[in-house]
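Below, each chain spelled out in residue letters.
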Amino acid sequence: MTDLELTALVKKVSQEYFGKPFIHQAYFNSRLKTTGGRFHLRDRNIDINPKIYQDFGKEELVGVIKHELCHYHLYNDGLPAQHKDRAFKILLQQVGGSRFSPIKSSIHNKTYHIYECANCKHIYHRVKKINTRRYVCGKCHGKLKYIKDITILS
C-alpha cells in the first residue's frame, strides 16, 4: 500500500465513521517503532506505522486509523483530544477504534551487553554498548571488558 492509497483509505474511513472529511495527508512512517500511528498538531497530518498493515492486516490498520482520526476531528473541533480526555474515550468507543497499539505486545526480544571489571569481577548489564576505553568500573575504577551480548525473551 502506498501513501496515496493510505490517504484515500483514511478519507474513506473518516467520511464513513465520522461523517466529516479528512483534508490533510496520511503517510507511512517506518521510524515509528512501538506506536501504531501519530497525529501531528502542527500540520494535522497522520503518520502510520507500516508494520501495522504488514504484520496485522487491514482490519487492524483501520482500527489505528480510527484512533488517529479521533485525535484529528476532536482537535479540529476545539475539543480535548488527549488519551486521558473523556471526549476522546467516548468518540473512540463510538467508532470502534483501537485503544492500544498491537505492536507493543508483539515486541519481545531485548538484547543486553555484558561487561566485566578486570579487577573486582563485577558484572554490568547494559542495553546500549559502551566505550570500554572511556568508561571504567563504578566500584573500583578498573578496566571494563566486553564479555558477550544476550537476548532476553519476555
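Look up a bit, the structure's there.
In this report, we go over the structure that sits alongside the text. (Residues numbered from 1 in each chain as written. Predicted model: local features only at pLDDT ≥ 70, side-chain atom pairs only at ≥ 80, totals over all residues. Heavy atoms only, no water.)

## Remarks on the nonpolar core
Of all hydrophobic cores here, the largest spans 26 residues; its most connected members are L6, I48, I65 and L69. If you list the elements that add at least two residues to this core, you get α1 (3-18), β1 (26-28), β3 (46-48), α3 (58-76) and α4 (86-95). If you tally residues by element for this core, the top one is α3, at 8 residues. Every residue in contact with L6, bar those within four places of it in the chain, is listed here: M1, A26, Y27, F28, I48, L61 and I65. With 5 residues, the next largest nonpolar core counts C117, Y124, C137 and L144 among its residues. (Core = buried A, V, L, I, M, F, W, Y, C linked by side-chain atoms within 4.5 Å. Buried < 20%, exposed > 50% of the residue type's maximum accessible area, 1.4 Å probe, protein only. Helix = DSSP H or I, 4+ residues; strand = E, 2+ residues; numbered from the N terminus. Contact = heavy atoms within 4.5 Å.)

## Some details on the pattern of salt bridges
For the structure on display, the rule yields 1 salt bridge. A salt bridge links K20 to D77, with the shortest nitrogen-to-oxygen separation between them at 2.4 Å. One end of the pair, K20, is in the loop between α1 and β1; the other, D77, is in the loop between α3 and α4, with 57 residues separating them in the sequence. Residue classification places K20 among the partly exposed residues on the basis of a relative accessible area of 30%. (Salt bridge = Lys/Arg side-chain N within 4 Å of Asp/Glu carboxyl O.)

## A look at the packing of aromatic side chains
Using the criterion set out here, one finds 4 aromatic pairs in the structure. When the centroid spacing of 5.8 Å and the interplanar angle of 90 degrees are considered together, the rings of F39 and Y72 count as edge-to-face. On the criterion of sequence distance, the pair formed by F39 in strand β2 (residues 37-39) and Y72 in helix α3 is long-range, its members being 33 residues apart. The class of F39 is buried, set by a relative accessible area of 12%. Members of the aromatic cluster, connected to one another through ring pairs, are F22, F39, Y72 and Y75. A cation sits over an aromatic face here: K66 above Y17, 3.8 Å from the ring centre. A cation over a ring is seen here: K129 above Y146, with NZ or CZ 5.2 Å from the ring centre. (Phe/Tyr/Trp six-rings, centres within 6.5 Å; stacked < 30°, edge-to-face > 60°. Lys NZ or Arg CZ within 6 Å of the ring centre and 35° of its normal.)

## Looking at the pairing of strand β4 (residues 109-117)
Taken together, the 9 bridges between β4 and strand β6 (residues 144-153) define a ladder with antiparallel strand orientation. The residue bridging H113 from the neighbouring strand is D149, located in β6. Relative to strand β5 (residues 123-126), β4 runs antiparallel, the two sharing 4 bridges. Bridge pairing in β5 places E116 opposite I123. Following β4, the chain reverses through 5 residues before pairing antiparallel with β5; K121 in that reversal takes a positive phi of roughly 65 degrees. (Pairing = 2+ DSSP bridges.)

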